[in-house]
Amino acid sequence: MLQRIWRVILSVITLGLVKLETPELVGDQLIEEMEAKERKLAEDAIGVVAYQKRLEAELAQAEKDLATWTNRAKAAARAGDQEVGIHAMEQVTRLEANIQRLQESVAVARDRSRQAMEALERFKAQVASARERVKDLKARDRLARLESNASRAMTGYDLNAQMKQLDRMSEQVAEREARARATTEIASNDINVRIQRAEMDAQRAEAANRFAELQAEVAGTGEAQAAPPVPEAEGGRQL
């Protein structure tokens, strides 16, 4: 039971670490590792070149000493000083052997220095190329994430609720517009009916007056009698 729980915990931790390994973080870590190796390689190359310079300095000093002891041996030979001449020639022989050894060592050191510097330059070029690749990959990764976010937005992934609310608002506005049009139409019809009734009442009043005049003319009175009052419209019609 405990082993199973431990395996679950390890799987969760591993999954979390995998999620943290984004291309940007991985790329930065790789560049840091390569730069650390570049610094170590540069230190090694500097050490090789420094050793070469030390050997060259020893060789120059040995050659200078050889010239000095050679001149002393010649001077002793001219002076007939055998003891000094033999000692001088011993130093000349030792220095010649040492110079030969140093020349061989310097040649090897120069070759090693050249190889070390060439290796350093190649590694620097690789690191520079890696930096450019990581920079390009990071830019592509950012662009891919932006495109993914834009795709989700374009598909309405994050706006479904808002779009549904807009649809409901559109339905409510359309319903209110329909009610307003119906109310306006009803009110317009009511006004037209009232106007028609007023016109009919006016026509009836005029007809009554003319009929009264006709009655007076027929009766021979020569005077128009007052027309009977026009009955008021039902319901107190008003304009």
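Residues numbered from 1 in each chain as written. Predicted model: local features only at pLDDT ≥ 70, side-chain atom pairs only at ≥ 80, totals over all residues. Heavy atoms only, no water.

### Structural notes on the packing of aromatic side chains
- Per the counting criterion, the structure on display carries zero aromatic pairs.
- Positioned above the aromatic ring of Trp69, the side-chain terminus of Arg72 is 4.3 Å from the ring centre. (Phe/Tyr/Trp six-rings, centres within 6.5 Å; stacked < 30°, edge-to-face > 60°. Lys NZ or Arg CZ within 6 Å of the ring centre and 35° of its normal.)

### Structural notes on the pattern of salt bridges
- Summed over all chains, the structure comprises eleven salt bridges.
- Residues Lys138 and Asp28 are paired through a salt bridge, measuring 3.0 Å at the closest nitrogen-oxygen approach. Note that Lys138 is positioned in helix H3 (residues 82-154) and Asp28 in helix H2 (residues 23-79), a separation of 110 residues in sequence.
- The class of Lys138 is buried, set by a relative accessible area of 17%.
- Where Asp136 meets Arg140, a salt bridge forms, and the shortest distance between an N and an O atom there is 3.7 Å. Within this pair, Asp136 and its partner Arg140 are both found in helix H3, separated by four residues, close to a single helical turn.
- Take Arg140: its relative accessible area is 53%, and that puts it in the exposed class. (Salt bridge = Lys/Arg side-chain N within 4 Å of Asp/Glu carboxyl O. Helix = DSSP H or I, 4+ residues; strand = E, 2+ residues; numbered from the N terminus. Buried < 20%, exposed > 50% of the residue type's maximum accessible area, 1.4 Å probe, protein only.)

### So, a nonpolar patch on the surface
- Nonpolar side chains collect at one region of the surface, where Met163, Leu166 and Met169 lie side by side and expose about 280 Å² of accessible area between them.
- Along the chain, Leu166 turns up in helix H4 (residues 160-219).
- Leu166 sits in the partly exposed class, given a relative accessible area of 43%. (Patch = residues over 30% accessible without salt bridge, like charges linked within 9 Å, V, L, I, M, F, W, Y side chains within 5 Å. Areas by Shrake-Rupley, 256 points an atom, 1.4 Å probe, with all protein chains shown as cover.)

### With respect to the nonpolar core
- Counting residues in hydrophobic clusters, the biggest one holds 13 residues, and the most contacted among them are Leu55, Leu59, Leu66, Trp69, Ile99 and Leu102.
- Those elements giving two or more residues to this core turn out to be H2 and H3.
- Here this core takes seven residues from H3, the largest share from any one element. (Core = buried A, V, L, I, M, F, W, Y, C linked by side-chain atoms within 4.5 Å.)

### Remarks on the environment of Glu83
- Tracing the sequence through the fold places Glu83 in helix H3.
- For Glu83, a relative accessible area of 68% translates into the label exposed.
- C-alpha of Glu83 to C-alpha of Ala73: the two residues are ten residues apart in sequence and 10.0 Å apart in space.

### Side note on the confidence of the model for the protein chain
- Predicted confidence across the protein chain gives a mean pLDDT of 81, with 79% of residues reaching 70 or more.
- The spread of mean pLDDT over the elements of the protein chain runs between helix H1 (residues 2-20), the lowest at 52, and H2, the highest at 92.
- In this model, residues 15-19 is a region of pLDDT below 50 whose contacts with residues beyond four sequence positions or in other chains number zero contacts.
- Below a pLDDT of 50 lies the segment residues 233-239, which in the model reaches six contacts outside its immediate sequence neighbourhood of four places, other chains included. (pLDDT = per-residue confidence, 0-100. Contact = heavy atoms within 4.5 Å.)

### A look at H2
- Helix length check: H2 (57 residues) gives 83 Å between terminal C-alpha atoms against 84 Å at 1.5 Å per residue, within 8%.
- One or two positions beyond H2, positive phi appears at Gly80, with a value near 75°. (Expected span 1.5 Å × (residues − 1).)

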